[in-house]
Amino acid sequence: MKLIGLRLCEHDSNVSYYDGETVRYFKSERVYDVKHHGYSDLHSWKKDFKDIFGDDPEDADEIAIVIDPWVHGLPTDNEEFFPAIKYPAVSDNCWRVNHHYAHVLSTFKEKGLHIVIDGFGDENNSWSVFRNGEVVDRGYCDADGSIGCEMIKAGKLLNIKAGCDLDIAGKLMGLQSYGTYMDEYARILPRTMHNIRRIFEESRYKAFERDMFGTLGISKLNWMRTVHEHMGNVLLDFFNEYIYHDEDVISYTGGCAQNVIWNTKLKKKYRNLSIPPHCADEGLSLGALEFLRRKNNIDPFVVEYHQQDIAAETKPSDMTLAKVAHALAEGKIVGWYQGHGEIGPRALGNRSILMNPYIDDAKKKINMIKKREGYRPFGASILEGYQKRILDTDIQNPHMLYVGDIAAPGLESITHVDGTCRYQTVTQENESYYKLLQVLEFPILLNTSMNLAGKPIMSKPENFPKGLDMVVVGNDISVL
């Protein structure tokens, strides 16, 4: 049986395909080199499908789709459906799956508590709570507000620039750390997910600022720092409302699940928390595919979280690893292109720019290549087993979804202003990257994605960013 999962909306379109044996995936931004690319029609994905997978989509037995109908000029009067409806606007064998339910399905977990929080899904649904696949509670943009939308608005107030509004929240997460937490202000904020808009309300802050400081004024960064931390505490309370016992399996998805600071608060309290690397909309086609799997009683998929892009055909030999390790020790900047690219926004050792984090000006040098804002932090990869030597945390973090406090000296290039680092624990499953970290004198690397600011992660071994000293594609080394 052949099944297709689609996410066709104004941004982050992606396609998943089960050919009867394996699951394959591509995100259209990697095809068109346009970050957050979305198909503007219902048909152009078919050509890309043929080119990438080599099969005809017309041969699929069933299709499931997550779609923003207004983008394609389709009716919007049937948004209150759950879990899915027949959708002949795409094809006679197509089902439309509820947006937030597709997030749930993308975790491939059938039991337990699942919370989805994003900008909005179908019917302006800004958050949802599910247990064992059934809806427990929901929030809506008009009644309750939306964390995703409010983060974008707040970022614009702080003059954050981005080619796409979806990138503003991530930048704001880094910028707010430069502010000072104001306990007095936090105490007057609502502490509920049913009043998100009031939490982010700038007029409330302005009134507080006038009453407390008169004409002196304080920084908007202090306001955002306070609101951001307060929102993390609101999320803690919110999760606690639905958790029955400590052993609850908790899954969390949606765009807001990319906030590594809030995630860390949650993970420290709820150790059973699970967040997939594709927690945002890039996972929706996988959720749509999972809907069809369950509908047709097919055995569970074995999914490898990789793009169907141009892979490195070889693996680095021991000699190549030794040469790369030597270059890194000398302070060289290495482009590392291995296997297929990762699903999700993080480069985890397959499409990475690497540098020795002990180099004094490593962050400055990488920023000259990436052309990112100076206030944004860089992440790090740490060999499994060495984490406690570097960080004050024992949370395993294979997908860079949490932060830890830096506990070792000399790592200013990967230490954010708040003393934290967004880190990745590298296991033997990531074979070549694991071996590289093993041969380093210190098993830690500054790791950032192989792209320029505002562009998607590379999917072809060509046109590498300027400024790299060395590029390694599989076992092939090029010194630039």
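A quick note: this is a predicted structure, and the numbers were derived from the prediction, not measured. (Residues numbered from 1 in each chain as written. Predicted model: local features only at pLDDT ≥ 70, side-chain atom pairs only at ≥ 80, totals over all residues. Heavy atoms only, no water.)

J.: Where do I start with the overall build of the chain in this structure?
T.: Helix and strand content of the chain: 16 helices and 19 strands. Taking 23 Å as the expected radius of gyration for a compact globule of 480 residues, we find that the chain reaches 22 Å, a close match to that expectation. Referenced to the eigenvectors of the C-alpha coordinate spread, the extents of the chain come out at roughly 65 × 60 × 40 Å. The buried share of the chain, reckoned over its 480 residues, is 57%. Here the contacts in the chain between residues at least 6 apart in sequence split such that 65% fall between residues at least 24 apart. When the accessible area of the chain is evaluated, it comes to approximately 20100 Å², of which 48% is carbon and sulfur surface. Of note, the chain has its 55 positive side-chain charges centred 5 Å away from the centre of its 68 negative side-chain charges. (Helix = DSSP H or I, 4+ residues; strand = E, 2+ residues; numbered from the N terminus. Rg over C-alpha atoms; globule rule 2.2 N^0.38 Å. Buried < 20%, exposed > 50% of the residue type's maximum accessible area, 1.4 Å probe, protein only. Contact = heavy atoms within 4.5 Å. Areas by Shrake-Rupley, 256 points an atom, 1.4 Å probe, with all protein chains shown as cover. Lys, Arg positive; Asp, Glu negative; His and termini not counted. Charge placed at Lys NZ, Arg CZ, Asp CG, Glu CD.)

J.: How do you make sense of the side chain of Ser459 when you look at a structure like this?
T.: Considering the arrangement of structural elements, one finds Ser459 in the loop between strand 17 (444-449) and strand 18 (470-473). Given a relative accessible area of 10%, Ser459 falls into the buried group. Each residue touching Ser459, except ones within four places of it in the same chain, is listed here: Arg30, Asp309, Ile310 and Tyr337.

J.: Honestly, the packing of aromatic side chains in this entry has me stumped. Any pointers?
T.: Two aromatic rings are characterised by how far apart their centres lie and by the angle between their planes. Evaluated as defined, the whole model comprises 18 aromatic pairs. Ring geometry for Tyr17 against Phe53: centres 5.3 Å apart, planes inclined by 40°, an arrangement best described as tilted. Placement of Tyr17 in strand 2 (residues 14-18) and of Phe53 in helix 2 (residues 44-53) is noted, with a sequence separation of 36 residues between them. For Phe53, a relative accessible area of 7% gives the class buried. Between Trp45 and Phe49 the ring centres are 6.0 Å apart and the planes differ by 85°, which places this aromatic pair in the edge-to-face class. On the criterion of helical spacing, the pair formed by Trp45 and Phe49 is a turn pair, its members being 4 residues apart in helix 2. One aromatic cluster is present, formed by Trp127, Phe238, Phe239, Tyr242, Tyr252 and Tyr270 through successive ring pairs. (Phe/Tyr/Trp six-rings, centres within 6.5 Å; stacked < 30°, edge-to-face > 60°.)

J.: Explain the sheet that holds strand 7 (residues 113-117) to me, please; I cannot follow it from the model alone.
T.: Strand pairing in a sheet relies on backbone hydrogen bonds. The paired strands run either parallel or antiparallel. The strand order across the open sheet built from 5 strands is 9-8-7-10-11, with neighbouring strands paired in mixed fashion. In this open sheet, the two edge strands, each paired with only one partner strand, are strand 9 (134-140) and strand 11 (273-274). Relative to strand 9, strand 8 (residues 125-131) is paired through 6 bridges, and the arrangement is antiparallel. Bridge pairing in strand 9 places Ser128 opposite Arg138. (Pairing = 2+ DSSP bridges.)

J.: Looking at this structure, how should I read helix 11 (residues 260-269)?
T.: Note: α-helices contain 3.6 residues per turn, so residues at a spacing of three or four share the same orientation. Every buried residue belonging to helix 11 is among Val260, Trp262, Asn263, Thr264, Leu266 and Lys267, and all of these are buried. With a side-chain oxygen positioned 3.1 Å from the backbone nitrogen of Ile261, the residue opening helix 11 is Asn259. (Polar contact = N/O pair within 3.5 Å; in protein donor to acceptor, adjacent residues only side chain to side chain.)

J.: What is the right way to read the environment of Pro277 from this model?
T.: Within the secondary structure layout, Pro277 lies in the loop between strand 11 and helix 12 (284-295). What makes Pro277 buried here is its relative accessible area of 8%. Along the chain, Pro277 and Thr253 lie 24 residues apart, while their C-alpha atoms are 9.3 Å from each other. Not counting the four nearest positions on each side in its chain, Pro277 is found in contact with Tyr305, Ile343, Gly344, Pro345 and His399.

J.: Whenever I open this one, the nonpolar core confuses me. Can you help?
T.: Within soluble globular proteins, side chains that are nonpolar generally end up buried alongside one another. If you look at the biggest cluster of nonpolar residues, it comprises 76 residues, and the most contacted ones within it are Ile117, Ile147, Met193, Phe239 and Tyr252. Ranked by residues supplied to this core, first place goes to helix 10 (residues 220-242) with 10 residues. Excluding residues that lie within four positions of it along the chain, Ile117 makes contacts with Ser126, Trp127, Ile147, Met193, Leu235, Phe238, Tyr252, Thr253, Gly254, Gly255, Cys256 and Ala257. Within the second largest apolar cluster, 25 residues are counted, among which are Val23, Ala84, Val116 and Leu292. (Core = buried A, V, L, I, M, F, W, Y, C linked by side-chain atoms within 4.5 Å.)

J.: How should the side chain of Asn259 be read in this particular structure?
T.: Along the chain, the position of Asn259 falls in the loop between strand 10 (250-253) and helix 11. Looking at Asn259, its side chain comes within polar contact range of the side chain of His228, at 3.0 Å. A distance of 3.0 Å separates the side chain of Asn259 from the backbone nitrogen of Trp262, its partner in a polar contact.

J.: Whenever I open this one, the pairing of strand 7 confuses me. Can you help?
T.: Strand residues, when the strand is regular, have side chains that alternate between the two faces of the sheet. By the criterion of burial, strand 7 is predominantly enclosed, with 5 of the 5 residues buried. Residue alternation in strand 7 divides its side chains into two sets, Leu113, Ile115 and Ile117 and His114 and Val116, and both sets are buried. Pairing analysis gives 4 bridges linking strand 7 to strand 10, with the strands arranged parallel. In the strand pairing of strand 10, Leu113 is matched with Ile250.

J.: Looking at this model, I keep getting lost on a nonpolar patch on the surface. Mind explaining?
T.: Together, Val31, Tyr32 and Val34 give the surface a local cluster of nonpolar side chains, amounting to about 220 Å² of exposed area. Along the chain, Tyr32 turns up in helix 1 (residues 28-32). (Patch = residues over 30% accessible without salt bridge, like charges linked within 9 Å, V, L, I, M, F, W, Y side chains within 5 Å. Salt bridge = Lys/Arg side-chain N within 4 Å of Asp/Glu carboxyl O.)

J.: Looking at this model, I keep getting lost on the sheet that holds strand 5 (residues 84-86). Mind explaining?
T.: Across the sheet, 6 strands lie side by side as 3-2-1-4-6-5; this open sheet has mixed pairing. Strand pairing shows two members of the sheet lacking a second neighbour, strand 3 (23-27) and strand 5, which therefore form its edges. The average angle at which neighbouring strand axes cross in this sheet is 20°, direction not considered. Sheet topology places strand 1 (residues 3-8) next to strand 2; 5 bridges connect them, and they run antiparallel. The residue bridging Arg7 from the neighbouring strand is Asn14, located in strand 2. (Axes fitted to C-alpha atoms, helices over the stretch in contact; angles between N-to-C directions.)

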